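Survey of secondary and tertiary structure
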Amino acid sequence: MSHVLTLVAPPGQLPPTLPARAREAIAALGADPGAPDWLAEAEAADLPFTGLNPEQAVAAVRAAIGEAPVDAIAQPVEGRRKALLIADMDSTIVTSETLDELAAYAGLKERVAEITRRSMNGEIDFATALRERVAMLKGLRLDALEATWKGTHLMPGARALVRTMVANGAHCALASGGFTFFTRRVAELCGFLSHHANVLLDDGAALTGMVAEPVFDRDAKLATLTALAAEKRLPLSATLAVGDGANDLAMIGAAGLGIAYHAKPVVAAAARARVDHNDLRALLYAQGYRAAGIAAD
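Residues numbered from 1 in each chain as written. Predicted model: local features only at pLDDT ≥ 70, side-chain atom pairs only at ≥ 80, totals over all residues. Heavy atoms only, no water.

1. Digging into a nonpolar patch on the surface
A cluster of nonpolar side chains, Val199, Leu201 and Met210, forms an exposed patch at the surface whose accessible area comes to about 240 Å². Considering the arrangement of structural elements, one finds Val199 in the loop between strand E7 (194-198) and strand E8 (200-202). (Patch = residues over 30% accessible without salt bridge, like charges linked within 9 Å, V, L, I, M, F, W, Y side chains within 5 Å. Areas by Shrake-Rupley, 256 points an atom, 1.4 Å probe, with all protein chains shown as cover. Salt bridge = Lys/Arg side-chain N within 4 Å of Asp/Glu carboxyl O. Helix = DSSP H or I, 4+ residues; strand = E, 2+ residues; numbered from the N terminus.)

Here you go:
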């Protein structure tokens, strides 16, 4: 079989009837689907097929399964396990937007969060929005950074994703429009081998309201993906990129497997693959990992 469609549901919510329904939907379009291969009991299954492109397969399966909380990702079988992961941080590897949470200590969370929302939806330029938000934090004492970090939590499945891929020889990197103060700590917690982000400037006691130039933005994320792939002598087809905001679109589009993770509408609409219902372990199932081979979260 040339392609595989992976179905992933929250634990215990993928009954055998759903892969069977998906198989029928693919066959109805003239494709030749194989039998389901269970990666995790009642959670994830592969459905090999040939004679249909991935977009057609996913559309048919989504229509067939209706409102079931199931993610469907279709791709070529060859090269599905990736050797390089580039991941956004805020609302992807961690559950929050760290800049918004930092702004809360200046009493500006709602104002900053609204700018963040517009930026992540692609309504305003990312670099301009970042400079504007950081300028609003001028004079904020540095202990607010530590307080924000204490309230930052990893996304479910983040450690499992990174540790499993690293254990299997992949390079995992954070590429964030946020700040190195946080990416360094998140990288250590999860096991990322490198991290790339913006640098907040301070005077030793408080923030200056400025960020080091150039801003690490959408283009910089794409450049990080291509540079790391070249450094590791990997084709882009061997890479995986994941994120939720408009500044992730370029790297998601360029990667061999680009995944919009619980993403903003503009990102979900443009990405070839989406995870809307599950945690980050779905990215491992999409690569063909079985439950027994996934590291603890």
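2. A word on helix H2 (residues 54-65)
An ideal rise of 1.5 Å per residue puts 16 Å on twelve residues; H2 measures up with 16 Å between its terminal C-alpha atoms. On its buried face, H2 is in contact with strand E1 (3-8), helix H1 (17-27), strand E3 (44-49) and strand E4 (71-76). The residue sitting at the N-terminus of H2 and contributing the capping side-chain oxygen is Asn53; that oxygen lies 3.1 Å from the backbone nitrogen of Glu55. (Expected span 1.5 Å × (residues − 1). Contact = heavy atoms within 4.5 Å. Polar contact = N/O pair within 3.5 Å; in protein donor to acceptor, adjacent residues only side chain to side chain.)

3. Remarks on the nonpolar core
Leu85, Ile93, Met165, Phe192 and Ile259 are the most contacted members of the largest nonpolar core, which has 63 residues in total. Once residues within four sequence positions are removed from consideration, Ile93 is found in contact with Ala87, Asp88, Leu154, Met155, Ala158, Leu174, Val186, Cys190, Phe192 and Leu280. Membership of the second largest hydrophobic core comes to 20 residues, among which are Leu5, Leu18, Ile65 and Ala68. (Core = buried A, V, L, I, M, F, W, Y, C linked by side-chain atoms within 4.5 Å. Buried < 20%, exposed > 50% of the residue type's maximum accessible area, 1.4 Å probe, protein only.)

4. With respect to the sheet that holds E3
One open sheet accounts for four strands, arranged E2-E3-E1-E4; its pairing is antiparallel. At either end of the open sheet lies a strand with only one pairing partner, and these are strand E2 (37-40) and E4. Adjacent strand axes in the sheet meet at a mean angle of 25 degrees when their direction is disregarded. Pairing geometry for E1 and E4, over six bridges, is antiparallel. Within E4, the residue paired with Val4 across the bridge is Gln75. Lying over the sheet, H1 contacts E1, E2 and E3, oriented at roughly 20 degrees with respect to E3. (Pairing = 2+ DSSP bridges. Axes fitted to C-alpha atoms, helices over the stretch in contact; angles between N-to-C directions.)

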